Amino acid sequence: MNRLCKSKGKFKLSLLISISVTCISGFAQTKDVNDVKQVWLGYMSSTRLSQHYSWWNDFQFVPQGFFVARTGITRHIKSVNLTAGYAYLLLPTYSGSSLQRKEHRPWAEIFYTLPVNKSVQFIQRYRYEARFKENVKDSMVTNGYSFTNRARLFFGLRKNFKWNASAKIPPFN
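Residues numbered from 1 in each chain as written. Predicted model: local features only at pLDDT ≥ 70, side-chain atom pairs only at ≥ 80, totals over all residues. Heavy atoms only, no water.

Chemist: What's the story with the overall build of the protein chain in this structure? I'm lost.
Modeler: When you go through the protein chain residue by residue, the secondary structure sums to 1 helix and 7 strands. Scored against the burial criterion, the 173 residues of the protein chain give a buried share of 20%. In the protein chain, once contacts between residues fewer than 6 apart in sequence are set aside, the share between residues at least 24 apart is 36%. Surface accessibility of the protein chain: about 13,400 Å² in total, with carbon and sulfur atoms responsible for 62%. (Helix = DSSP H or I, 4+ residues; strand = E, 2+ residues; numbered from the N terminus. Buried < 20%, exposed > 50% of the residue type's maximum accessible area, 1.4 Å probe, protein only. Contact = heavy atoms within 4.5 Å. Areas by Shrake-Rupley, 256 points an atom, 1.4 Å probe, with all protein chains shown as cover.)

Structure representation (structure tokens):
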């Protein structure tokens, strides 16, 4: 009898979720989608300079999308990494496709890892960016810069895999 009640409860919950999703999708807006093929090139590295410091580099390029060159210095303190750096960006204007608008971003972040077990870590990152964006008027870059800022919060799980020492290329950890 108890199993029957539990299965009826699960059925009711599944039915409620299905009806809710159907109703929500029934009222969803439709939008036009343009299928555009793009290439995203990127290079990221962290080079250890000493026991306590490393150098971070991040370069990304999407033609007609954006270009980012970000660099920084990281201080390692146990399971906490503190990084400060600078990023230079080239972006399109609102209606243009050529990368002509410049943006300068001093940034800083704190990155923390918390072990869950021997092979899994919970990671969190808080990043602050001061954004100095080149002004645009009528799709043309004008003199001067405007200032905005951004805070980002990231949570994730990282799983380390065992690998054979004789393998030519180990998996990313």
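Chemist: When you look at the environment of Lys137 in this model, what are you seeing that I'm missing?
Modeler: Structurally, Lys137 can be placed in strand β6 (residues 120-137). Note: C-alpha distance between Lys137 and Tyr94 (43 residues apart in sequence) is 9.5 Å.

Chemist: Looking at this structure, how should I read the environment of Pro106?
Modeler: Along the chain, Pro106 turns up in strand β5 (residues 99-115). On the basis of relative accessible area, Pro106 is assigned to the partly exposed category, the value being 33%. Through-space distance from the C-alpha of Pro106 to that of Thr71 is 9.7 Å; in sequence the pair is 35 residues apart.

Chemist: What am I meant to see in the sheet that holds strand β1 (residues 41-48) here?
Modeler: The strands that make up a sheet are held in pairs by hydrogen bonds between backbone atoms, and each pair lies either parallel or antiparallel. Ordered by their spatial adjacency, 7 strands build an open sheet running β1-β2-β3-β4-β5-β6-β7, and the pairing between neighbours is antiparallel. Of all the strands in the sheet, the pair left with one neighbour each is β1 and β7 (140-159). Pairs of neighbouring strands in the sheet enclose a mean axial angle of 15°, with direction left out of account. When β6 meets β7, the two strands line up antiparallel, connected through 17 bridges. For Arg131, the partnering residue across the bridge sits in β7 and is Thr148. (Pairing = 2+ DSSP bridges. Axes fitted to C-alpha atoms, helices over the stretch in contact; angles between N-to-C directions.)

Chemist: Would you explain the packing of aromatic side chains in this entry?
Modeler: Given two aromatic rings, one states the distance between the centres and the angle between the planes to describe the pair. Per the counting criterion, the structure on display carries 4 aromatic pairs. Here Arg70 stacks its cationic end above the ring of Trp107, 5.9 Å away from the centre of that ring. Over the ring of Trp107 we find Arg127, and its NZ or CZ is 4.8 Å from the ring centre. (Phe/Tyr/Trp six-rings, centres within 6.5 Å; stacked < 30°, edge-to-face > 60°. Lys NZ or Arg CZ within 6 Å of the ring centre and 35° of its normal.)

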